[in-house]
Structure formats: C-alpha cells, structure tokens
Amino acid sequence: MSMQIHVFDTHVMTASGEYIHFDVLVNNENIKEVEQYAKQYLDGLGVAIDNIKQSRCNFCHSELANLEVEGDIASQGHSIIRL
C-alpha cells in the first residue's frame, strides 16, 4: 500500500535576487513541520533566513508517494524536490 503525501509548493526570493523553487513532501504526521523542513533545506543551501526577501510555502495537492519519497519520509520525516 502506498503512502499518501501532501505537496507544498515553495518559492523563495533571496535579498541577492536568487529564486529558489522546491516542493516539500510530507505525510499526515509531519504536516505541521513543513516550514521547519523548508528552512532546514534553505540552510543546507547556504541561504540564511535573514537573506530571504520573500517566501511562500502553499499546500498544492495530495498524491501517492513513490518508493524514494516514502523512504525519505520514513527516515527523515519529509522529502524535498528541487524544481
């Protein structure tokens, strides 16, 4: 049985003008952590929160997860797809 996941479409514009677009994928148990996961991802890219000019992370849709996304969510609570 496949896991139902929720996709949050995330857009960030840094103060230096860099545009970053990615999806944060979570299951029902981790839905409240979406913003934290997005911030962690940006931190991993070297984008400090104080360098963000504008950001939005909106629920997009729900779907069945593929095996790679299921594995990511099982091990770290979320999956990120850079777009």
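Residues numbered from 1 in each chain as written. Predicted model: local features only at pLDDT ≥ 70, side-chain atom pairs only at ≥ 80, totals over all residues. Heavy atoms only, no water.

Asks: Looking at this structure, I do not really get the overall build of the chain. What am I missing?
Replies: When helices and strands are tallied, the chain shows two helices and four strands. Listing each helix as α and each strand as β along the chain from the N terminus yields β-β-α-β-α-β. Its C-alpha atoms give the chain principal-axis dimensions of about 45 × 20 × 20 Å. The buried share of the chain, taken over its 83 residues, is 36%. Considering only contacts in the chain between residues 6 or more positions apart, those separated by 24 or more positions represent 65%. Accessible surface, the chain: about 5200 Å² in total, of which carbon and sulfur atoms supply 49%. Side chains of the chain carry 5 positive and 12 negative charges; the gap between the two charge centres is 10 Å. (Helix = DSSP H or I, 4+ residues; strand = E, 2+ residues; numbered from the N terminus. Buried < 20%, exposed > 50% of the residue type's maximum accessible area, 1.4 Å probe, protein only. Contact = heavy atoms within 4.5 Å. Areas by Shrake-Rupley, 256 points an atom, 1.4 Å probe, with all protein chains shown as cover. Lys, Arg positive; Asp, Glu negative; His and termini not counted. Charge placed at Lys NZ, Arg CZ, Asp CG, Glu CD.)

Asks: Is there a simple way to think about helix 2 (residues 67–76) in this case?
Replies: Given 3.6 residues to a turn, an α-helix orients residues that are three or four positions apart in the same direction. Of the residues making up helix 2, those classed as buried are Val69, Glu70 and Ile73. Along the axis of helix 2, the buried residues cluster in a sector spanning 105°; they form a single face. The exposed residues of helix 2 that point more than 90 degrees off its buried face are Leu67, Glu68, Ala74 and Ser75. Contacts made by the buried residues of helix 2 are with strand 1 (4–14), strand 2 (19–26) and strand 4 (79–82). Sitting at the head of helix 2, Asn66 places a side-chain oxygen 3.0 Å from the backbone nitrogen of Glu68. Of the residues trailing helix 2, Gly77 is marked for its positive phi of about 90°. (Arc of directions from axis to C-beta. Polar contact = N/O pair within 3.5 Å; in protein donor to acceptor, adjacent residues only side chain to side chain.)

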